[in-house]
Amino acid sequence: MIRYLTAGESHGKGLTVIIDGIPSNLKIDERELNLILAERQKGYGRGGRQKIESDRAEILSGVRFGKTIGSPISVFIRNNDYENWKSRMSITPINQSVDEFLIPRPGHADLSGGIRFNHRDLRNVLERASARETAARIIAGAICKILLKEFNIEILGYVVNIAGISTNIDKKLDIKDIIKKIKNDKVDLRYPDSKKIPLIIKKIDSAMKKGDTLGGIIKVIAEGVPPGLGDYTQWDRKLDGKIAMALMSLQSIKGVEFGAGFSYANYSGSFVHDAIYYSKNKGYYRKTNNAGGLEGGVTNGNKIIIRAVVKPISTLRKGIDSVNIKTKLKSKTVYERSDVCVVPAVSIIAENLVAIEITNALMEQIGCVELNLMKENYKNYLRHIRKY
Ligand code: EPS
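Computed from a predicted model, the values in this text were never measured in an experiment.

Calculation notes
- Residues numbered from 1 in each chain as written.
- Predicted model: local features only at pLDDT ≥ 70, side-chain atom pairs only at ≥ 80, totals over all residues.
- Heavy atoms only, no water.
- Near = heavy atom within 4 Å.
- Polar contact = N/O pair within 3.5 Å; in protein donor to acceptor, adjacent residues only side chain to side chain.
- Areas by Shrake-Rupley, 256 points an atom, 1.4 Å probe, with all protein chains shown as cover.
- Nonpolar A, V, L, I, M, F, W, Y, C, P; charged D, E, K, R; others polar.
- Pairing = 2+ DSSP bridges.
- Helix = DSSP H or I, 4+ residues; strand = E, 2+ residues; numbered from the N terminus.
- Contact = heavy atoms within 4.5 Å.
- Axes fitted to C-alpha atoms, helices over the stretch in contact; angles between N-to-C directions.
- Buried < 20%, exposed > 50% of the residue type's maximum accessible area, 1.4 Å probe, protein only.

Caption draft 1: Local environment of the site of the ligand. Surveying the vicinity of the ligand reveals the residues His11, Arg40, Arg46, Arg49, Gln50, His108, Ser130, Ala131, Arg132, Ile313, Arg337 and Asp339. In this structure, histidine 11 approaches the ligand through a side-chain N or O atom, which is 2.7 Å from an oxygen atom. One of the side-chain nitrogen or oxygen atoms of arginine 337 is found 2.7 Å away from an oxygen atom of the ligand. When the ligand is considered free in solution it has 480 Å² of accessible area, and contact with the protein chains removes 89% of it. Residue composition of the shell around the ligand, by class: two nonpolar, four polar and six charged.

Caption draft 2: Looking closely at the sheet that holds strand E7 (residues 154-162). Spatially, E8-E7-E9-E15-E10 is the arrangement adopted by the five strands of the open sheet, whose pairing is antiparallel. In this open sheet, the two strands that pair with only one neighbour each are strand E8 (165-166) and strand E10 (253-258). Helix H8 (residues 239-248) rests against E10 and strand E15 (304-310) of the sheet, and its axis sits at about 155° to E10.

Caption draft 3: Broad picture of the pairing of E10. With five of six residues buried, E10 lies mostly within the body of the structure. Where E10 and E15 come together, five bridges link them in antiparallel fashion. Across the sheet, residue valine 256 finds its bridge partner in E15, namely alanine 308.

Caption draft 4: Summary view of the sheet that holds strand E6 (residues 73-78). Taken in spatial order, the four strands make up an open sheet running E1-E2-E6-E3, and their pairing is antiparallel. Among the strands making up the open sheet, the edge pair consists of strand E1 (3-7) and strand E3 (57-61). Sheet twist, expressed as the mean angle between neighbouring strand axes with direction ignored, is 20°. Along the sheet, helix H1 (residues 30-41) contacts E3 and E6; its crossing angle with E3, the most-contacted strand, is approximately 135°.

See below:
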């Protein structure tokens, strides 16, 4: 079983992730992890912080001579901005007063987190609640993605809507064709419909001018996932539940759906359920995939299709009505700096988080602690599927 934990504050020394349960003998290259970190930092509409940081993964343990050894893998990512925050984020007490963060941002964890931990300086909340933490989380996912590649399982996260400008150009495309389309895009929006990109840029520019922020919808698809991963026998083993949890735990995500998702409400059962067929060549197959690749919490061999909505982030230059928690007086939120649109970054983070959950389900079905033995088990499992 893969387990992982992250630690670190947004303006502290750095972020750490510990990933436990990755089988031995998997090739890991820091450069591959750094490519994913760089991808997370991209996207038209990111803020000033990304100019300060150039995130680099430093593997501290669990890898020897370029291969995993089965021990926990720990990775550190330094925060360059710490240099500017040394005293304000000091681990030890200091002899000077620091500005307290007193006006909670609606939409952020500031107020609810302050109440929970009884913090009077809300910086103690926002430093950890910040989406900077995803730089650490994405590393756990990136390692799982490297593992899944060994089993020909591919996952892609991309953007299908920014500020209401949506596309379904991807509907009949597979991962390799969508990658071609999003690679074409010079502004790193990870949006496959190039004709609509100028309109999106206009919207982002206008939001930036107005001091506002924008959200959207991301999509994650997974190909090559065999049937039978996940479980229906207990609520907390259902793979769709685990994926939804992983995505909902992302700072800006407010809703997750699989396949036809919320549009199931509009159709009758006889229309919307994916009828089952069988042929000698294909085995069991479907002509539709409204279920998005999961039935009863278990994969059915179809493409996994997930969509998630990303709220406009809650730090905005314009300010929103709030209250000073010290004076209790009405105040506008204070602006330090922020992104205008993080939807492309969320799509790459989501891609990697989904990889963790699929890896876990794969390990549960054919798992073992060594890669080559795991591959042998996989061959057996594929034989079982063909015979079934
Ligand atoms: C982020 C770093 C943060 C924010 C953003 C994500 O940097 P700073 O707070 O120094 O500007 O840009 O955080 C949020 C979206 C959030 O909700 O807190 C990063 O590295 O991704």
